[in-house]
Amino acid sequence: DPVILWFRQDLRLHDQPALIAAAHEGPVIPVYILDDETPGDWRIGGAQRWWLHHSLTSLAADLKDKGSRLILRRGRAAEELAKLVEQTGATRVHALRHYEPWWREAEAALGDRLCLHDGNHLAHIEDIRTGSGTPFRIYSSFWKALQSFLPPEEPMPAPRKIDAPAHWPASDDLNKWRLLPTKPDWSGGFDEDWTPGESVALERAKEVGEKMAAYDTARNMPAEEGTTRLSPHLHFGEVSARTIWHQTDGHRDAVTFRQEIAWRDFTHGVIMALPDYGDRNGREKYDRLPWRNDQQARADLKAWQEGRTGYPIVDAGMRQLWQSGWMHNRVRMITASFLVKHLLIDWREGERWFWDCLVDADYGNNSVNWQWVAGTGVDANMFGRIMAPLSQSEKFDAGDYIRRWVPELAKVGNAAIHDPDDAGCRPRDYPAKIIGHREARERALAAARKL
Ligand code: FAD
């Protein structure tokens with residue numbers, strides 16, 4: 001009898017323990033289910049739909065090369081899988097473990113027909129606990145505890161061939177899912193920057209070692225290609241975290257980078273323990289924070305989303321996000337802090353915008369980082385720490401980055417690029433600052449005092 005291999009955010013054939021286990025038991029029916037129902041408001045966003053289309057196309061071709069196929073279904077994952085089990089007489093469903101609350105809901109509904117495997121993380125996240133048995137809330141302690149589970153297992157090679165069932169069940173047509181944008185088609189910048197799929201993910205992973213020597217400092221410089229840009233490949237599981245980890249074996253300078261990879265394990269541990277972390281403040285006292293929500297605040301939110309705040313580093317980041325589906329980490333921190341502190345707008349508004357615009361949108365990484373910057377999270381309590389966007393821009397030498405993403409400022413020299421308004425050489429077509437830094441800072445601190 002056949003067995004089902006259920007793909008989710010693990011669209012790969014190498015280092016795929018669920019595939020190995022399934023192939024061991026019988027002919028394999030690989031399936032991907034587009035589930036816009038179980039996740040509710042957290043259904044996959046616009047930018048990721050573009051990515052998903054291409055990644056599934058690539059996975060289907062790779063499966064074909066191995067004598068197999070990719071079956072596509074749409075609907076509630078648990079129900080679709082139950083139907084598929086009935087239609088095919090499959091004995092079991094194999095899948096890799098994920099921690100998003102909607103996936104856990106679907107898993108629970110499948111009961112003992114489902115067999116879960118580790119493979120998306122450096123370690124079995126449920127094992128990494130404090131002395132009193134609770135999941136970690138502070139990253140540095142998590143990292144320390146993770147040490148006894150390292151190094152991660154060596155990645156497994158892809159099987160050479162995958163046995164096909166005697167009969168294939170029906171499959172949806174990917175094009176009919178309409179995952180690609182049409183009117184307007186905003187994906188031009190995406191095509192330029194990204195090639196989804198396992199083979200490119202693996203090529204990129206092989207280049208990771210070369211980045212290590214400079215990573216420690218270059219990763220903070222938005223104008224440089226100092227980071228790996230592996231995040232969307234990692235989110236969709238086109239390459240595993242442990243494959244990337246082992247690419248840095250023998251590099252003495254890999255510690256900082258490995259700590260970043262481990263951040264992903266940490267955030268997934270947070271959403272395992274606190275499933276509604278994307279919707280709720282980690283610390284209850286912030287429920288009383290007087291977020292702005294009037295008409296002016298709505299206009300400010302729009303200016304932030306469209307990159308028209310008059311703060312060049314913020315605007316460059318927001319436009320990079322819109323045009324390419326990705327934003328540099330340092331700039332994610334600056335833009336997020338600006339929304340939450342300078343504009344006093346609820347972090348969840350920014351989190352939602354990122355969710356829709358990022359090709360790497362990841363429930364754990366996005367919510368934990370937003371709450372970390374906002375200071376509302378379980379890991380840090382620092383709403384009152386306010387980033388100064390203009391000095392951040394200067395410190396991390398963002399001039400070329402700004403000139404690239406904000407064409408109105410393309411001709412502004414280094415002396416004025418971080419704050420053309422203040423320097424008196426703001427081009428006419430570039431907006432004035434929507435709020436002064438000092439005024440914004442005082443407003444945020446006053447709000448924090450009311451808690
Ligand atoms: P590299 O520096 O090359 O790091 C390698 C990998 O480590 C990344 O691909 C990522 O998987 C992981 N990583 C690095 N930094 C972090 C971090 N701070 N938290 C968790 N994992 C990390 N990352 C996402 O993958 N998805 C998100 O939705 C997301 N939202 C964010 C929202 C905010 C407000 C902030 C401040 C950060 C967010 N990040 C998110 C984290 C980080 O910005 C990205 O992972 C990183 O910029 C991806 O680029 P890279 O692959 O070149 O990173």
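Residues numbered from 1 in each chain as written. Predicted model: local features only at pLDDT ≥ 70, side-chain atom pairs only at ≥ 80, totals over all residues.

1. Details of the overall build of the protein
The secondary structure content of the protein amounts to 21 helices and 5 strands. Across its three principal axes, the protein shows a C-alpha extent of roughly 75 × 50 × 50 Å. Expressed as a percentage of its 451 residues, the buried residues of the protein come to 46%. Partitioning the intrachain contacts of the protein with sequence separation of at least 6 by distance along the chain shows that 75% fall at a separation of at least 24. (Helix = DSSP H or I, 4+ residues; strand = E, 2+ residues; numbered from the N terminus. Buried ≥ 20, exposed ≤ 12 C-beta atoms within 10 Å, placed from the backbone. Contact = placed C-beta atoms within 7 Å.)

2. Examining the site of the ligand
In the vicinity of the ligand lie 27 residues, with T227, T228, S231, N366 and N369 positioned nearest. Those elements giving two or more residues to the shell around the ligand turn out to be α9 (231–235), α11 (255–273), α14 (329–342) and α16 (363–374). Taken together, the residues of the shell around the ligand break down into 11 nonpolar, 9 polar and 7 charged. Domain assignment of the residues forming the shell around the ligand places at least three in each of domain 2 (121–152 + 189–273) and domain 3 (284–449). (Near = placed C-beta within 6 Å. Nonpolar A, V, L, I, M, F, W, Y, C, P; charged D, E, K, R; others polar. Domains from an automatic or database assignment.)

3. As for the pairing of strand β1 (residues 3–7)
Looking down a regular strand, the side chains alternate between one sheet face and the other. Counting buried positions along β1 gives 5 out of 5 residues, so the element sits mostly inside the fold. As judged from the 5 bridges shared by β1 and strand β2 (residues 28–34), these two strands associate in the parallel manner. If you follow V3 over to β2, its bridge partner there is V28. Judged from the 3 bridges that link them, β1 and strand β4 (residues 93–96) form a sheet pairing that is parallel. Each residue of the ladder has a partner; that of W6, found in β4, is A95. (Pairing = 2+ DSSP bridges.)

4. Regarding the pairing of strand β5 (residues 114–117)
As paired strands, β4 and β5 are joined by 4 bridges and run parallel to one another. Counted as the bridge partner of A95 is L116 from β5. Regarding topology, helix α4 (residues 101–110) serves as the crossover connection from β4 to the parallel β5, and that connection is right-handed. (Right-handed = clockwise from strand over helix to strand, strands pointing away.)

5. With respect to the domain arrangement of the protein
When the domains of the protein are assigned, the result is domain 1 (1–120), domain 2 (121–152 + 189–273) and domain 3 (284–449). Placing the centre of domain 1 and that of domain 3 at their C-alpha centroids yields a distance of 37 Å. Contact with domain 1, which involves 8 residues of that partner, is made by 9 residues of domain 3. Looking at the side of domain 1 that touches domain 3 residue by residue, the classes come out as 4 nonpolar, 3 polar and 1 charged.

6. What to know about the UniProt feature "domain: Photolyase/cryptochrome alpha/beta" (unreviewed entry) in the protein
Under the present numbering, the feature "domain: Photolyase/cryptochrome alpha/beta" (unreviewed entry) in UniProt falls on residues 1–122. Across residues 1–122, helical content stands at 42% and strand content at 20%; the span's end C-alpha atoms are separated by 33 Å. (UniProt positions renumbered as here; feature names shortened; annotations may be inferred.)

7. Some thoughts on the packing of helix α3 (residues 77–88) against α4
Where α3 meets α4, the axes come as close as 8 Å, and the angle between the chain directions of the two elements is 35°. α3 and α4 meet at a crossing whose hand is right-handed. Of α4, the residues touching α3 (which contributes A77, A78 and L81) are A106, A109 and L110. (Axes fitted to C-alpha atoms, helices over the stretch in contact; angles between N-to-C directions. Left-handed = near helix turned anticlockwise from the far one by under 90°.)

8. Regarding α14
An ideal rise of 1.5 Å per residue puts 20 Å on 14 residues; α14 measures up with 19 Å between its terminal C-alpha atoms. Along α14, 12 of the 14 residues are buried, which leaves the element largely enclosed by surrounding structure. The complete set of buried residues in α14 reads R330, V331, R332, I334, T335, A336, S337, F338, L339, V340, K341 and H342. Among the residues trailing α14, L344 stands out with phi positive, at a value near 55°. (Expected span 1.5 Å × (residues − 1).)

9. Examining the sheet that holds β4
Taken in spatial order, the 5 strands of this open sheet run β3-β2-β1-β4-β5, and their pairing is parallel. The two strands at the open ends of the sheet, each matched to only one other strand, are β3 (71–74) and β5. Taken over all neighbouring pairs, the strand axes of this sheet differ in orientation by 30° on average, direction set aside.

10. Let's talk about the environment of N175
Structurally, N175 is set in the loop between α5 (139–146) and α6 (188–193). Here N175 falls in the exposed class, since 10 other C-beta atoms lie within 10 Å of it. C-alpha separation for the pair N175 and T57, spaced 118 residues apart in sequence, amounts to 9.9 Å.

11. Some points on the confidence of the model for the protein
Chain-level statistics for the protein give a pLDDT mean of 97 and a share of 100% at 70 or above. Reported confidence for the predicted complex is 0.99 by ipTM and 0.98 by pTM. (pLDDT = per-residue confidence, 0-100.)

12. Section: the packing of helix α13 (residues 312–324) against α14
For the pair α13 and α14, interaxial distance at closest approach is 9 Å and the crossing angle is 110°. Classified by the interaxial angle, the pair formed by α13 and α14 is roughly perpendicular. Where α13 crosses over α14, the two elements pack in a sense that is left-handed. Of the residues in α14, those in contact with I313, V314, G317 and M318 of α13 are V331, I334, T335 and F338. (Parallel < 35°, antiparallel > 145°, perpendicular 65-115°, else oblique.)

13. Here's the deal with the nonpolar core
Formed by 112 residues in total, the largest nonpolar core has its most connected members in I4, L5, V31, L358 and I402. Per-element tally for this core: the top contributor is helix α2 (residues 46–65), with 8 residues. Ignoring sequence-local partners within four residues, the contact set of L358 consists of A47, L321, G325 and W326. (Core = buried A, V, L, I, M, F, W, Y, C linked by C-beta atoms within 7 Å.)

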